[in-house]
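Below, each chain spelled out in residue letters.
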Amino acid sequence: MSNQYPYSHPAYVAEEALLRKNLRLIKRVEEATGAKILVAFKAFAQWRLFPIFKEEGFDEAAVSSLFEARLAYEELGKQGHAFSPAYTVEDFPYWKQYCSTITFNSCSQATQLLAHYPDSDRHYNLRINPGYSPVETALYNPAMPGSRFGVPAKELQDSLPQGVDGLHFHLLCEGNSFQLEKILSIVERDFEGILKKVKRLNMGGGHFVTHPEYNLDHLVSVLRCFSQKYPWIELTMEPGSAFALGTGYLVSHVVDLVKHDGIATAILDVSFTCHMPDCLEMPYQPAVRGAESLPLSFSSEKGVYRLGGNSCLSGDYLGCWRFEKPLSIGDEVIFEDMLHYTMVKTTMFNGIAHPDLVLHKEDGSYQLLRHYDYDDYKQRMS
Ligand SMILES: Cc1ncc(COP(=O)(O)O)c(C=O)c1O
């Protein structure tokens, strides 16, 4: 298998062999726990790769917009499982067309929409907020005081809106089975009366099951134990990141090298804000192939660089990294693990050209799936 990406345009490169490895592991988790596992499009929606998902037995998605819902319906061939913070009366028939299960974020939405569309031809869930999430970054914490997500136990008083017979929570981000165990114990304690009545529990996303340190045996025992206590409840999980974790990279190139106030910056043909937005939002410093990530205090020694994006945003840089040898114009810089929450979040901010989408096939060849041009840029804004 060739290791060097042979083209000069920046590209997100998906590794088929690594993707299949994740899919097979997730399938084993599904079989061992008995919980249905959906792929959350918000993390990964590269539909040209869906045939691989289908071959490995995944054809249902968690969707959060009508575009995602339609994509699941058209390209996975099955109705999706929807959660949206709010549905409009006008759009709701389309949600029903594309989705088998719809989760409401509030009792008022459930009551209003099910009164308007009274037929009981779909499964309806309510998102709950147990008031606890282990996520420390506020931007990603759905259980902060005053969070707009989910209904707290005290507002439900053991009853659900008419027509709703399932629950949903989403409280993890890159989470582990011990955090899930804690959440389930809070749900059992605070939603005890309701658990007796519901048929479904969707445990949201954030289950980092493909991470090497994830304790899969513990997850299996937690979920089997829950199912023994509540055998009438069908369990679902909807991770996104776990599907694409470690399955591809973003190839970029050095376009210029500048040095000011002792700080050397390599300016690249990709942008953190446009192509790797989570690096700035979280923030976190991604791994760069062949380079050592250093603490943020800058060192002016040879071979140490900030990496700068090609947008005009002043904060579009990260670093620093120590490279094996000083960088030159034209050198390749490869950001590792750049498939989840990258392509889905990219914009064409600043008119920056979009990286190609490429599949590095198991046979070692590269398939160009999509090249973006000016028309794509223009049409996204029209
Ligand atoms: C409701 C819901 N489900 C699933 C996910 C997917 O989470 P992850 O990609 O961390 O597994 C998210 C992420 O924000 C979410 O909000």
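Above: the structure in question.
The residue numbers shown here count from 1 along each chain, following its written sequence. Reporting of local features is limited, given that this is a predicted model, to residues whose pLDDT is at least 70; pairs of side-chain atoms are given and counted only at 80 or more, and all residues count toward the totals for whole chains, interfaces and linings. Hydrogens are left out, water is left out, and the side-chain values use all remaining heavy atoms of the structure.

Caption draft 1: Examining the sheet that holds strand β8 (residues 166-168) more closely. The parallel open sheet is built from 9 strands, whose spatial order is β2-β10-β9-β8-β7-β6-β5-β4-β3. The open sheet is flanked by β2 (36-37) and β3 (39-40), the only strands paired with a single partner. Paired strands, as defined in this entry, are two strands with at least two bridges between them according to DSSP. Numbering goes from the N terminus for both helices and strands, where a helix is a DSSP run of H or I of at least four residues and a strand is a run of E of at least two. By the bridge criterion, 3 bridges tie β8 to strand β9 (residues 200-202) in an arrangement that is parallel. Of the residues in β9, the one forming a bridge with G166 is R200. Contact definition: two residues touch when any of their heavy atoms are within 4.5 Å. A fitted line through C-alpha atoms serves as each axis, taken over the contacting stretch for helices, and the angle formed by two N-to-C directions is quoted from 0 to 180°. The strands that helix α5 (residues 107-116) touches are β6 (99-104) and β7 (123-127); relative to β6, the one it contacts most, it runs at about 135 degrees.

Caption draft 2: Geometry of unusual backbone geometry. For the bond from M282 to P283, the omega torsion is -15 degrees, close enough to zero to count as cis. Checked against the element boundaries, P283 lands in the loop between α12 (277-281) and β13 (291-293). Notably, Q157 is not glycine yet its phi reads approximately 45 degrees, a positive angle. Relative to the assigned elements, Q157 resides in the loop between α6 (153-156) and β8. Looking at Q157, the relative accessible area reads 68%, which means it is exposed. Exposure categories follow from relative accessible area, calculated using a 1.4 Å probe and restricted to protein chains: below 20% of the type maximum is buried, above 50% is exposed, and the middle band is partly exposed.

Caption draft 3: Structural view of the nonpolar core. In terms of nonpolar packing, the biggest core is built from 100 residues, with F104, F169, M203, L223, L307 and F335 touching the most fellow members. For this core, the element with the highest residue contribution is helix α7 (residues 177-190), accounting for 5 residues. In contact with L223, not counting residues within four places along its chain, are T33, A35, L180, L184, M203, L235 and M237. To define a nonpolar core, start from buried Ala, Val, Leu, Ile, Met, Phe, Trp, Tyr and Cys residues and group those joined through side-chain atoms within 4.5 Å. Y5, A11, Y249 and V358 belong to the second-largest nonpolar core, a separate cluster that totals 8 residues.

Caption draft 4: Highlighting the state of the cysteines. Only a pair of cysteine sulfur atoms within 2.5 Å counts as a disulfide in this structure description. Scanning all chains against the criterion turns up 0 disulfides. Free cysteine: C173, not disulfide-bonded; nearest cysteine sulfur from C279 at 13 Å. Exposure remark for C173: the relative accessible area of 33% places this residue in the partly exposed category.

Caption draft 5: Structural context of the pairing of strand β11 (residues 248-260). In terms of strand pairing, strand β1 (residues 11-15) meets β11 through 4 bridges, oriented antiparallel. The partner of Y12 across the bridge, within β11, is L250. With 5 bridges connecting them, β11 and strand β16 (residues 332-336) associate as antiparallel partners. Following the sheet pairing, L250 is matched in β16 by F335. Alignment of β11 against strand β12 (residues 263-268), held across 6 bridges, turns out to be antiparallel. The residue bridging H260 from the neighbouring strand is I263, located in β12.

Caption draft 6: Fine view of the site of the ligand. If even one non-hydrogen atom of a residue comes within 4 Å of a molecule or strand, that residue is called near it. Close contacts around the ligand come from 13 residues, with G206, E238, G240, S241 and Y341 the closest. One nitrogen or oxygen atom from the side chain of E238 is found 2.6 Å from a nitrogen atom belonging to the ligand. The Shrake-Rupley method, run with a 1.4 Å probe, gives the accessible areas here. Residue values count only the displayed protein chains as cover. Alone, the ligand offers 400 Å² of accessible surface; in the complex the protein occludes 87% of this. Between N or O atoms, a polar contact is any pair within 3.5 Å; within protein, one atom must be a potential hydrogen donor and the other a potential acceptor, and residues adjacent in sequence are included only when both atoms are from side chains.

Caption draft 7: Quick look at the environment of G77. Among the secondary structure elements, G77 is positioned in the loop between α3 (66-76) and β5 (80-83). In the structure, G77 is positioned 25 residues away from I102 in sequence and 17 Å away in space, judged by C-alpha atoms.

Caption draft 8: Looking closely at the packing of aromatic side chains. Geometry of aromatic contacts follows a simple scheme: Phe, Tyr and Trp rings, the Trp one being its six-membered ring, pair when their centres are within 6.5 Å, and the pair is stacked under 30 degrees between planes, edge-to-face over 60, tilted otherwise. Throughout the structure, instances matching the rule amount to 22 aromatic pairs. Between F41 and F50, the ring centres sit 5.1 Å apart and the planes meet at 25 degrees, which makes this aromatic pair stacked. Among the residues examined, F41 registers a relative accessible area of 0% and is labelled buried. Ring geometry for Y230 versus W232: centroids 5.8 Å apart, planes at 80 degrees, classification edge-to-face.

Caption draft 9: The environment of A82, seen in detail. Among the secondary structure elements, A82 is positioned in strand β5. For A82 and G131, which are 49 residues apart along the polypeptide, the C-alpha to C-alpha distance reads 22 Å. Contact partners of A82, with chain neighbours within four places excluded, come to V63, Y87, W95, C99, T101, I102 and T103.

Caption draft 10: Main features of the packing of α7 against helix α9 (residues 216-229). Put simply, α7 and α9 touch, their axes get as near as 9 Å, and they point 20 degrees apart. By the angle between their directions, the pair α7 and α9 is classed as roughly parallel. For the crossing formed where α7 meets α9, the hand is left-handed. Only H218, L219, V222, L223, F226 and K229 of α9 make contact with α7, whose side of the interface consists of S177, F178, L180, E181, L184 and E188. Polar here means any residue other than Ala, Val, Leu, Ile, Met, Phe, Trp, Tyr, Cys and Pro, which are nonpolar, and Asp, Glu, Lys and Arg, which are charged; Gly is therefore polar. Considered class by class, the residues forming the contact of α7 with α9 number 7 nonpolar, 2 polar and 3 charged. Oblique is the label for any angle not covered by the other classes, which are roughly parallel (under 35 degrees), roughly antiparallel (over 145) and roughly perpendicular (65 to 115). Two helices that cross are described as forming a left-handed crossing if the nearer one is turned anticlockwise from the farther one by less than a right angle, and a right-handed crossing if clockwise.

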